[in-house]
Amino acid sequence: VDLFARLRYAVGHQALVVLDEAGELRFTGEAMMYLTYLDWEARKLDSAARHISGALAISREVGDMIYEARYQAILSALDACRDRRDEAARGFERAEALASEAGSSLVELTVSLLHGQLEVAHARDATGRGDQALASEEEAKARARIIPAEEKGPPDEAHPEGTPPACERCDEVRFVLK
């Protein structure tokens, strides 16, 4: 891990201390999500899961359905990356239901993109069992989830050619695509 990543991680941990002392639960959850993404990037999947589990607990405590959907989807993607596919599938069911109920198209898109990690895990398993046809099918499902994130939205007054794609408007979508 490079020096810059280590510095970001240290700052993130310091932010957790300050936010916790200030009693800022919602921002504490966001800081935990930030640390989750740093851990995920560094392939520290268990640490990432611990951070996002904390953020998920906070979102439930404060009753924020949008954040709960996001954090549940991130945890489920991490479960998929760690070959905990049954847990991931159950988690994605919950995240998708929450995202749908919350009615945020960006959250629904983010949950869908993260769900692609489960299909990648299924593909990895199929490859390991020598079932290349199933592996290709699962990989195609995962790739298909990316298309809506890269498509322009409908035109509006400010964007007569179509609104910018979600991957240009949303940091979380950009990270998930990475």
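Sorry if this is basic, but what is going on with the overall build of the chain here?
When you go through the chain residue by residue, the secondary structure sums to 10 helices and zero strands. Along the chain, helices (α) and strands (β) appear in the sequence α-α-α-α-α-α-α-α-α-α when read from the amino end. In terms of C-alpha radius of gyration, the chain reaches 17 Å, essentially the compact-globule figure of 16 Å for 178 residues. Across its three principal axes, the chain shows a C-alpha extent of roughly 50 × 50 × 35 Å. By the burial criterion, 44% of the 178 residues in the chain qualify as buried. Taking all contacts inside the chain whose residues are at least 6 apart in sequence as the whole, residues at least 24 apart take part in 55%. Accessible surface, the chain: about 9800 Å² in total, of which carbon and sulfur atoms supply 53%. Side-chain charges in the chain split into 22 positive and 33 negative, and the spacing between the mean points of these groups amounts to 5 Å.

I'm lost on the side chain of Gln 72 in this one. Help?
Note that Gln 72 resides in helix H4 (residues 65-81). Overall, the relative accessible area of 7% leaves Gln 72 in the buried class. Those residues within four positions of Gln 72 in sequence are excluded, and the remaining contacts are Leu 56, Arg 60, Gly 91, Arg 94 and Ala 95.

What's the story with unusual backbone geometry in this structure? I'm lost.
Most peptide bonds are trans, and most residues other than glycine sit at a negative phi. The phi torsion at Arg 43 lies on the positive side, around 65°, for a residue other than glycine. Counting through the fold element by element, Arg 43 comes out in the loop between helix H2 (25-41) and helix H3 (45-62). Here Arg 43 falls in the exposed class, since its relative accessible area comes to 55%. The phi angle at Asp 83 is positive, at roughly 60°, despite the residue not being glycine. Note that Asp 83 resides in the loop between H4 and helix H5 (85-102).

Parameters at a glance
- Residues numbered from 1 in each chain as written.
- Predicted model: local features only at pLDDT ≥ 70, side-chain atom pairs only at ≥ 80, totals over all residues.
- Heavy atoms only, no water.
- Helix = DSSP H or I, 4+ residues; strand = E, 2+ residues; numbered from the N terminus.
- Rg over C-alpha atoms; globule rule 2.2 N^0.38 Å.
- Buried < 20%, exposed > 50% of the residue type's maximum accessible area, 1.4 Å probe, protein only.
- Contact = heavy atoms within 4.5 Å.
- Areas by Shrake-Rupley, 256 points an atom, 1.4 Å probe, with all protein chains shown as cover.
- Lys, Arg positive; Asp, Glu negative; His and termini not counted.
- Charge placed at Lys NZ, Arg CZ, Asp CG, Glu CD.

Any link to function would need more than the numbers given here.
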